[in-house]
Every structure is written in C-alpha cells, then in structure tokens.
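The primary structure of each chain is shown beneath.
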Amino acid sequence: MSSLPTEQSEALYQRAKRVIPGGVSSPVRAFRAVGGTPRFIRSARGAYVTDVDGNEYVDLVGSWGPMLLGHAHPEVLDAVARAAQHGTSFGAPTEAEIDLAEMIIDRTPVEQVRLVNSGTEATMSALRLARGYTGRDKVIKFEGCYHGHVDSLLVAAGSGAATMGHPSSPGVTQATTADTIVCTYNDRESVRQAFRGHGNNIACIIAEAAAGNMGVVPPAEEDGENFTAFLSRIAHEHGALLITDEVMTGFRVSRSGQWGLDGQHGDLMTFGKVMGGGFPAAAFGGRSEIMQQLSPVGPVYQAGTLSGNPVATAAGSTTLRLATEEVYAQIDRSSELLRAEIGKALDAFQVPHVIQHTGNLFSGFFTPEGTTEVPDWKAAATQREDVFAAFFHGLLANGVYLGPSCYEAWFLSAAHDDAALDRIFDALPKAAAAARLA
Ligand code: PMP
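Cut-off values and rules
Residues numbered from 1 in each chain as written. Predicted model: local features only at pLDDT ≥ 70, side-chain atom pairs only at ≥ 80, totals over all residues. Domains from an automatic or database assignment. Contact = placed C-beta atoms within 7 Å. Helix = DSSP H or I, 4+ residues; strand = E, 2+ residues; numbered from the N terminus. Expected span 1.5 Å × (residues − 1). Buried ≥ 20, exposed ≤ 12 C-beta atoms within 10 Å, placed from the backbone. Arc of directions from axis to C-beta. Axes fitted to C-alpha atoms, helices over the stretch in contact; angles between N-to-C directions. Parallel < 35°, antiparallel > 145°, perpendicular 65-115°, else oblique. Left-handed = near helix turned anticlockwise from the far one by under 90°. Nonpolar A, V, L, I, M, F, W, Y, C, P; charged D, E, K, R; others polar. Pairing = 2+ DSSP bridges. Core = buried A, V, L, I, M, F, W, Y, C linked by C-beta atoms within 7 Å. UniProt positions renumbered as here; feature names shortened; annotations may be inferred.

*Asks:* Explain the domain arrangement of the chain here, please?
*Replies:* Split into domains, the chain comes out as domain 1 (7-60 + 324-433) and domain 2 (75-322). Taking only C-alpha atoms, the centre of domain 1 and the centre of domain 2 are 25 Å apart. Between domain 1 and domain 2, the contact holds 28 residues from the first and 30 residues from the second. Every element with two or more residues in the side of domain 1 that touches domain 2 is listed here: helix H12 (325-348), strand E13 (354-358), strand E14 (361-365) and helix H13 (377-380). With 4 residues, the single largest contributor to the side of domain 1 that touches domain 2 is E14.

*Asks:* For this particular structure, what's the right way to read helix H2 (residues 74-85)?
*Replies:* What sets the pattern is the α-helix's 3.6 residues per turn: residues three or four places apart point alike. Between its first and last C-alpha, H2 extends 17 Å over 12 residues, near the 16 Å set by a 1.5 Å rise per residue. The set of residues buried in H2 consists of Val 76, Ala 79, Val 80 and Ala 83. Axial view of H2: buried residues confined to an arc of 100°, hence all on one face. Exposed positions of H2 whose direction lies more than 90 degrees from the buried face are Pro 74, Asp 78, Ala 81, Arg 82 and Gln 85. Residues of H2 that are buried sit in contact with helix H11 (310-322). A positive phi of about 110° marks Gly 87, the residue just after H2.

*Asks:* Help me out: how do you make sense of the packing of H12 against helix H15 (residues 418-437) in this one?
*Replies:* Each pair of packed helices can be described by the angle between their axes along with the distance between the axes. Two numbers describe how H12 lies on H15: the axes approach to 8 Å, and their chain directions differ by 20°. Here H12 lies roughly parallel to H15, going by the angle between them. The handedness of the crossing between H12 and H15 is right-handed. Residue-level inspection shows Ser 334, Leu 337, Leu 338, Glu 341, Ile 342, Ala 345, Leu 346 and Ala 348 of H12 in contact with H15, the latter providing Leu 421, Ile 424, Phe 425, Leu 428, Pro 429 and Ala 432. Residue classes in the contact of H12 with H15 are distributed as 12 nonpolar, 1 polar and 1 charged.

*Asks:* Would you mind going over the sheet that holds strand E1 (residues 41-45) with me for this structure?
*Replies:* The strands making up a sheet are joined through hydrogen bonds of the backbone, oriented either antiparallel or parallel. Taken together, the 4 strands give an open sheet; going across it, the order is E1-E2-E3-E15, and neighbouring strands pair in mixed fashion. Of all strands in the sheet, those with a lone pairing partner are E1 and strand E15 (400-401), marking the two edges. Where E1 meets strand E2 (residues 48-51), 4 bridges bridge the pair, whose relative direction is antiparallel. Bridge assignment links Arg 45 to a residue of E2, and that residue is Tyr 48.

*Asks:* Would you mind showing me how to read the nonpolar core here?
*Replies:* In globular proteins that are soluble, nonpolar side chains generally tend to be buried together. Ranked by size, the top nonpolar core spans 136 residues in total, and within it Ala 130, Cys 204, Leu 241, Ala 283, Phe 391 and Val 400 carry the most contacts. No fewer than three residues from each of domain 1 (7-60 + 324-433) and domain 2 (75-322) sit in this core. In this structure, Val 400 is in contact with Tyr 57, Val 58, Leu 60, Leu 395, Arg 423, Ile 424 and Ala 427, ignoring residues within four places of it in sequence.

*Asks:* Would you take a moment to explain the UniProt feature "modified residue: N6-(pyridoxal phosphate)lysine" (unreviewed entry) in the chain for this structure?
*Replies:* Per the UniProt record, "modified residue: N6-(pyridoxal phosphate)lysine" (unreviewed entry) is found at Lys 273. By the secondary structure assignment, Lys 273 is in the loop between strand E11 (268-271) and strand E12 (282-286). Among the residues examined, Lys 273 registers 27 C-beta atoms within 10 Å and is labelled buried.

*Asks:* It is not clear to me how the sheet that holds E12 should be interpreted in this structure. Could you clarify?
*Replies:* Spatially, 7 strands are ordered E4-E12-E11-E10-E7-E5-E6 in an open sheet, and the strand pairing comes out mixed. The strands lining the two open edges of the sheet, one partner per strand, are strand E4 (112-116) and strand E6 (180-183). Here the average twist between neighbouring strands, direction ignored, is 20°. The pairing of strand E5 (residues 138-142) with E6 spans 4 bridges and is parallel. If you follow Lys 141 over to E6, its bridge partner there is Val 182. Contacts from helix H3 (residues 95-107) reach E4, E11 and E12 within the one sheet, and its direction differs from that of E4 by about 125°. On the sheet, helix H7 (residues 188-198) packs against E5, E6 and strand E7 (202-208) and is oriented at approximately 150° with respect to E6.

Structure follows, in structure tokens:
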C-alpha cells in the first residue's frame, strides 16, 4: 500500500505484539481500521514526526490533541528539564499546581479545579462528584461521544471504541451500565424522553462540548438555542448537572476552548490534552460549591499518586502561557486553508464527503453521495471506511500522517507553517485519487 520503507516498523511491530496486546498501548495506534504497518515513531519536532525507517511525515495527529505548539517546543523542553532537575514527583503540594490551576480558571468559567493524570480520570471523577453532589445514580451520555474508558461511559462510545467495531466493551457489567442512558447527539427529543422516563434519578448529563470522537460534530442550533445550552437548561429543570467534556476542545479550539466559541458550559467541566503539554495531566473543575464536596473538604473521594506531577504541570503551564491569541489565529487560518484544499481535492476526484469543524478542529467524513451534514453517530457511521483507508494510505505514502480512523479529528499546531501545509496540499490530490479508486 505504501511505497515508503517500513522494515524497521514492521520488525518492531512483530516484537511488540509478543509482549503488548496488539503491539500498542492504545488501540487506534494499531492501524486496524486502515490496514498496513503501524509506524513506530523515533522522534518528532515541530510539525513533523520521523519513524524508525527514517520516513518523515507532516503530523496531523499531534499525539491526539496535546501538541498545540508542535513537537519538542524549545521553551516547553526547557521548562520540563528545569522542573525535572528539582525532582520528578513528591506526593506533596507544589506551587506549579497552583500556577496551572490558576491558568485554567483564568481561561474558563470554573472556580476550582482538581488535577488528575488523564482525561479518563477527569470524566470518571467528575461523574462521581456529580452523583455524590446530587445523591442520584443515573447519567445520560451520547452515542458516539467518547469520554475515556470509564466503565459506565464505555457504552456506545466513539473514538477507538468505534474504530474497533465494539463501541461497548465486555468486562463492563450490566449493573454498571444500567445507570447509563444513551441518547442521540443533537437530538433534543431523545433527551426529553430520558428525563420523562427517569426524571429525578438523573444525576447528570455528560456531553463533549463539541463532539470530536465520531469525527467533528458541533452542537447544533435550534430556534436560536445551541444543543449544549438546551442540555444545561433541561438538566437544571430536573435538578441534574451538566458536565461538558472539553478534554479535546479545551485550550485547542480557542484560548478558552469550546466555551470560548459558544459561551456554553457545564456545572462541571473536564480538561486534558493541551493542558498537559504532551505529559499526563488533566483536570476537572466547576463551581466551588460543587468542588467543595471533594475529599479532603467533602465526602466524595478522589486521589492520585502522580496527580499534579511537577514535570507535567511545568509542560502544561508553559504550553498554556505560549498559547496566545496569535497562536490560535494562526492555527484557525491553517485549518481554514486545509479544509478548503481537502474539499477541492476530493471534489476534483468526485469523492463524496462532508467536512465539519468547530474552530480549528475539523474532520472529513466519507459519507455517501448526497449527505450534506453529519449531526450524530448514525450519520457518521454511514461512512465508507474503505474509501477513508485508501485516502489515509494515499496521504501516508506521500508523507502525511493522519489519524488512522475516519472517526477521529484532524489536529493542527502552531508549527504547521507554509512549508508543512504545502506538503499536505501536494499529497491531497494523490490521496483523493486513491480514494476515488476504492
Ligand atoms: N474525553 C474526550 C472528549 C476525549 O477526546 C478523550 C481522549 N481522546 C478522553 C476524554 C479521554 O482522555 P484520555 O485518553 O487522556 O484518558
């Protein structure tokens, strides 16, 4: 499929598969949906990643979101080295945690945050807090939304779960999922029905602030009200909370995430990816009155050996400090140019598609002819996965590394300059031609 050498990646893949299930530490990396040899990465700098065979690619994965400034940004590396020299973990409070917490609070409507290690931990903890605060059990989530691999949220999930073809997982007990109600994203009636059925036992709704794990599906407007605003309203009418998951959109689609674009936010919010600057750091936050229910002040328990890790917080706060309005304006511009070029290339080869975005975060859907909009998972799942696979390999063979699944967002960075974009623009017609033949 690819004319680039892959012997070293292939050898490592075979070696990895003996000791790591599927050879990978996270499923989508295995190229299952697109076929071929997953590339083992040796190094990355700016907008580029280099694999162990020496192939260099323009990177559109960006570690699945964190690398807003590009790879190995010198100031982030300096901050990491400086922090590490003072010790890498103490299990005691540090000033660096306060700095990062203050930066998050400065950019979002939350009043307090707790730092954790991954987006999964953030949503799991926010969910527990919402249940503890309301004294209720049930949670509403949306088909195709992904909130990490939390048991009770691994129902009709997007991202890797969708790619692997089992959006719900064995090992998650029926008792756990009995309290999870699955609704349709952007479908208000499905949410009204859930409240009619379970009314006052619903603790919270959790929704991606804009869905990014079934491809990019922004909250739709209806009668002048945005879908997330509707969720907030209906939750509050029933004494429930709304959690907006900004793990992917936070500090990426604008300085203040999706909230910065549409002004909508949950009672609790979850963050990750960009705020860790490429290290394991994430957070959840909200109104003080709710956050004060957390241990040690309140009864809802939550903890972590490495939470607020000094190296991770140094990378995160340096990344946020460098992520100025100019950085976002530049990435927005690159995203707009790239979306236009993708559309042109696919149109030229008559490959049916839809491109959707929220701010600079976007994805292409290889939906059937005549589809003009993808509002939910059912529409996203009509995609021709074989067409995507051909497009993906067309890009890869021409030096562009895209996420190996049609349900993932495309991630740009401030390091994607004209030279990097031109490389993508050159590869696009070749990839579109390959997609045409699928
Ligand atoms: N929520 C959202 C919206 C995400 O996109 C992700 C990861 N893609 C998560 C939660 C889980 O984060 P992590 O992989 O860091 O556990």
